[in-house]
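Observations on the model geometry
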Amino acid sequence: MVKITTVKTKPYTDQKPGTSGLRKRVTVFQQNQHYAENFIQSIISVIEPAERQAATLVVGGDGRFFMKDAIQLIVQISAANGINHLVIGHNGIMSTPAVSCVIRKRKAVGGIILTASHNPGGPNGDFGIKYNISSGGPAPEGITNKIFEISKSLQEYHICPDLKVDLSKIGKQTFEVDTFKPFTVEIVDSVDDYAEMLRGIFDFAALKELLSGANHINVRLDAMHGVVGPYVKKIVCEELGSPANSAVNCVPQEDFGGHHPDPNLTYAADLVKTMKGGEYDFGAAFDGDGDRNMVLGKHGFFVNPSDSVAVIAANIKSIPYFQKTGVKGLARSMPTSGALDNVAKTLQMDLYETPTGWKFFGNLMDAGKLSLCGEESFGTGSDHIREKDGLWAVLAWLSILATRKQSVEEIMKDHWQKFGRNFFTRYDYEEVDSDAANKMMKDLEAAMFDPSFKGKKFSSGDKTYEVAIADNFAYTDPVDGSVSKNQGLRIIFSDGSRVIFRLSGTGSAGATIRLYIDSYEKDAQKIYQDPQAILAPLVDIALKLSQLHERTGRTGPTSCFFVLFCFFFLNVCLINSCHSFVCHILTNMERHCTFSS
Ligand code: VG1
Ligand code: CO
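Source: prediction; values computed, not measured.

1. Observations concerning the overall build of the chain
- Assigned secondary structure in the chain consists of 21 helices and 26 strands.
- Taking 25 Å as the expected radius of gyration for a compact globule of 597 residues, we find that the chain reaches 24 Å, a close match to that expectation.
- For the chain, the residues scored as buried account for 60% of the 597 residues in total.
- When contacts within the chain are restricted to residue pairs at least 6 apart in sequence, long-range pairs at least 24 apart make up 72% of them.
- Summed over its atoms, the accessible surface of the chain is roughly 22300 Å², and 49% of this surface lies on carbon and sulfur atoms.
- Charge separation in the chain, taken as the distance between the mean sites of 62 positive and 67 negative side-chain charges, equals 2 Å.

Below, the structure written as structure tokens:
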């Protein structure tokens, strides 16, 4: 019989889940007494006691430092609170999309994911705990608010301190706990259920032909020492026949090898460099927990994430799953470029614009209104689960390559020709003083809400933009009517160009201000223009209007999309054979400007 102990504790005031769970430095979880215990108890407390004795919870994480400690606490606290059954990934490993898949398949009441996504790991890095509900999706705001409320008044938690499970042993372990029904911990293969799901979505025979048939393409996939490694190995290499050396950094590490497990041009620099060599036709990288993806074509041709979802939408019939389900609707987060809107309009599909964060897509999917969605922050996914899904996105792209028999670059350029092009950039100002950031947003909002603001003209160089709409984005969920306010300050000009300011909800220190710029060009003659030149006047206007630099004491962003511009140049100039000149610019610009999200 395992003993239950009730431990007295003091509530914390800062356990408010952000865009995607509670994220803090590892030291915050480790050094503050009962910090992790309190939050885990607060999560479990939102599950009705009456439900718990029939409840299954799925648990898994991205392998980062402190994950195994947190899982043992979840086991001990679940048992003491009368949860009946836990399903845990082998050695604790399970990607975010796989947890979503397993919650749905096992009809669990929910799941707990241990990850801080693309944030660095290790003893001085970040840790995170996220709660997902029975649909498999991140808990909506109604539930995360409840968790936060409980955490602010928590006086005690229940735990079975002597209960220990062996996370390395696949199979069931059962324990007698007090008067409860026997408590079962089931350790499952991290990949099996997820792989089976993908087999039902894609044409694996066609993908196998593409990756290992007579006229196969060469791919390079970088798991960045995150959780997706075992998935890539088993599915892409073993099953679809891609050679073993086409997948790199596939062993999950507690500190991600000391790197940021962030799939973008800065942090996936090794992949970019390898791709530039021209040996590979298709490249991709994933983040720590496997929900983000970056897609590259031959010679490092970069696919902007806002474009990626638009291309998948325009070619959606290449994926057998959608032939079966039909296409119910499309969605993007508000700051994501309007590339998807152009596809929706042309193909006469419904388009939804939601606040940042995957949790807002869930209701639309559950209600049968949404099939495919994406975010500018390297997230793409569909209603096969309720999380964004990095490997799914890669197989979606490979399905399009298999069907169209064209290169990534040809497909992208063809898309711009047909739908026009959205030029997009994002500037991140990380770890700025919170008070300064809040004040800047408040003052900017006040200026925007002045009645004279609408219709006002702003100029930079020879460009003039007239304000058509200025608001603080609020979203009313079309399914349950819930309202989410303060989702970003949005200025839309009369030509459709947009400037957006938003405070990040995933940082672990200070505030992060994000500035997003989106500008659309339909003229086929102009779609290969220098994006930097096109966006520069809007950046200039945005910075002047907000006084962002003056207010934060910064002279430039911590990171931005400029590197992306360089890659664009590289491609154009490769065609014009001025390769070495561009490489020179590229190296210089990379030195001055990074991009992360
Ligand atoms: C960021 C991105 C957002 C994404 C979120 C979680 O949030 O902007 O699009 O959904 O991270 O992604 P924010 O609030 O910092 O802008 V993940 O892969 O970190 O779970
Ligand atoms: Co992630």
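2. Details of the site of ligand 1
- Taken together, 20 residues surround ligand 1, and among them Thr19, Ser117, Ser377, Thr506 and Arg514 come closest.
- Ser377 is positioned such that a nitrogen or oxygen atom in its side chain is 2.6 Å from an oxygen atom of ligand 1.
- Taking Lys388, its side chain carries an N or O atom lying 2.9 Å from an oxygen atom of ligand 1.
- One can see that ligand 1 is located within the largest cavity.
- Residue composition of the shell around ligand 1, by class: no nonpolar, ten polar and ten charged.

3. Some thoughts on the UniProt feature "domain: Alpha-D-phosphohexomutase alpha/beta/alpha" (unreviewed entry) in the chain
- Mapped onto the present numbering, the UniProt feature "domain: Alpha-D-phosphohexomutase alpha/beta/alpha" (unreviewed entry) falls at residues 15-157, 193-298 and 307-419.
- Between the end C-alpha atoms of residues 193-298 the distance is 32 Å, and the span holds 35% helix and 15% strand.
- Between the C-alpha atoms that bound residues 307-419 the distance is 11 Å, and the span itself is 49% helix and 14% strand.

4. With respect to empty space enclosed by the protein
- Inspection of the entire model under this criterion finds three cavities of 30 Å³ or more.
- Each pocket or cavity is described by its volume, and for the largest cavity that value is around 280 Å³.
- Considering the residues around the largest cavity, the lining is formed by 27 residues, among which Thr19, Arg292, Thr356, Ser377 and Thr506 are closest to the centre.
- Taken together, the residues of the lining of the largest cavity break down into three nonpolar, eleven polar and 13 charged.

5. Quick word on the sheet that holds strand 15 (residues 330-333)
- The sheet built from four strands is open, its strands ordered 16-15-17-18 with mixed pairing. Across the chains shown, the open sheet's two edge strands, defined by having one partner strand only, are strand 16 (351-354) and strand 18 (379-382). Across the sheet, the mean angle separating the axes of adjacent strands is 15 degrees when strand polarity is ignored.
- Examined bridge by bridge, strand 15 and strand 16 share four bridges and lie parallel to one another. Residue pairing in the sheet places Leu330 in a bridge with Leu351 of strand 16.
- Where helix 11 (residues 305-314) meets the sheet, its contacts fall on strand 15, strand 17 (372-375) and strand 18, and the angle it forms with strand 17 comes to roughly 170 degrees.

6. Focus: the coordination of the cobalt ion (ligand 2)
- Only Ser117 (OG), Asp287 (OD), Asp289 (OD) and Asp291 (OD) from the protein reach the cobalt ion (ligand 2) as donors, at distances of 2.0 to 2.2 Å.
- Counting residues between consecutive donors of the cobalt ion (ligand 2) along the chain gives the motif S-x169-D-x1-D-x1-D. Of the two residues, Ser117 sits in the loop between strand 5 (110-114) and strand 6 (126-133) while Asp291 sits in the loop between strand 12 (282-286) and strand 13 (293-297), which places them 174 residues apart along the sequence. With respect to burial, Ser117 and Asp291 carry one shared label: buried.

7. Points about unusual backbone geometry
- For Met224, which is not glycine, the phi dihedral falls at a positive 50 degrees.
- Its location among the elements puts Met224 in the loop between strand 10 (219-222) and helix 9 (229-239).
- Of note, the phi angle at Phe256 is positive, near 50 degrees, even though the residue is not glycine.
- Considering the arrangement of structural elements, one finds Phe256 in the loop between strand 11 (247-248) and helix 10 (269-276).
- Under the relative-accessibility criterion, Phe256 is labelled buried at 0%.

8. Points about helix 15 (residues 390-404)
- Under the 1.5 Å per step criterion, the end-to-end length of helix 15 is 21 Å for 15 residues, consistent within 8% with the ideal 21 Å.
- A large share of helix 15 lies buried, amounting to 13 of its 15 residues.
- Between the side-chain oxygen of the N-cap and the backbone nitrogen of Leu391 there are 3.5 Å, and the N-cap of helix 15 in question is Asp389.

9. Brief notes about the pattern of salt bridges
- Here the structure, examined in full by the defined rule, presents 32 salt bridges.
- Residue Asp341 is joined to Arg332 by a salt bridge in which the shortest nitrogen-to-oxygen separation is 2.6 Å.
- Judged by its relative accessible area of 22%, Asp341 is partly exposed.
- Overall, the relative accessible area of 4% leaves Arg332 in the buried class.

10. Looking at the pairing of strand 20 (residues 457-460)
- Across the two faces of strand 20 the burial differs, with Phe458 and Ser460 buried and Lys457 and Ser459 not buried at all.
- Relative to strand 21 (residues 463-472), strand 20 is paired through four bridges, and the arrangement is antiparallel. Bridging from a neighbouring strand, Ser460 pairs with Lys463 of strand 21.
- Connecting strand 20 to the antiparallel partner strand 21 that follows it, the hairpin turn spans two residues, and Gly461 within it adopts a positive phi of roughly 60 degrees.

Conventions adopted
Residues numbered from 1 in each chain as written. Chains lettered and ligands numbered in written order. Predicted model: local features only at pLDDT ≥ 70, side-chain atom pairs only at ≥ 80, totals over all residues. Heavy atoms only, no water. Helix = DSSP H or I, 4+ residues; strand = E, 2+ residues; numbered from the N terminus. Rg over C-alpha atoms; globule rule 2.2 N^0.38 Å. Buried < 20%, exposed > 50% of the residue type's maximum accessible area, 1.4 Å probe, protein only. Contact = heavy atoms within 4.5 Å. Areas by Shrake-Rupley, 256 points an atom, 1.4 Å probe, with all protein chains shown as cover. Lys, Arg positive; Asp, Glu negative; His and termini not counted. Charge placed at Lys NZ, Arg CZ, Asp CG, Glu CD. Near = heavy atom within 4 Å. Polar contact = N/O pair within 3.5 Å; in protein donor to acceptor, adjacent residues only side chain to side chain. 1 Å grid on protein atoms, 1.4 Å probe; cavity = no way out; pocket = protein on both sides within 12 Å on 5 of 7 lines; lining within 4 Å. Sits in = over half its atoms within 2 Å of the grid points. Nonpolar A, V, L, I, M, F, W, Y, C, P; charged D, E, K, R; others polar. UniProt positions renumbered as here; feature names shortened; annotations may be inferred. Points joined across faces, edges and corners; volume = space filled by probe spheres on them. Pairing = 2+ DSSP bridges. Axes fitted to C-alpha atoms, helices over the stretch in contact; angles between N-to-C directions. Donors = N, O, S within 2.8 Å, 3.2 Å for Na, K, Ca; no water. Expected span 1.5 Å × (residues − 1). Salt bridge = Lys/Arg side-chain N within 4 Å of Asp/Glu carboxyl O.

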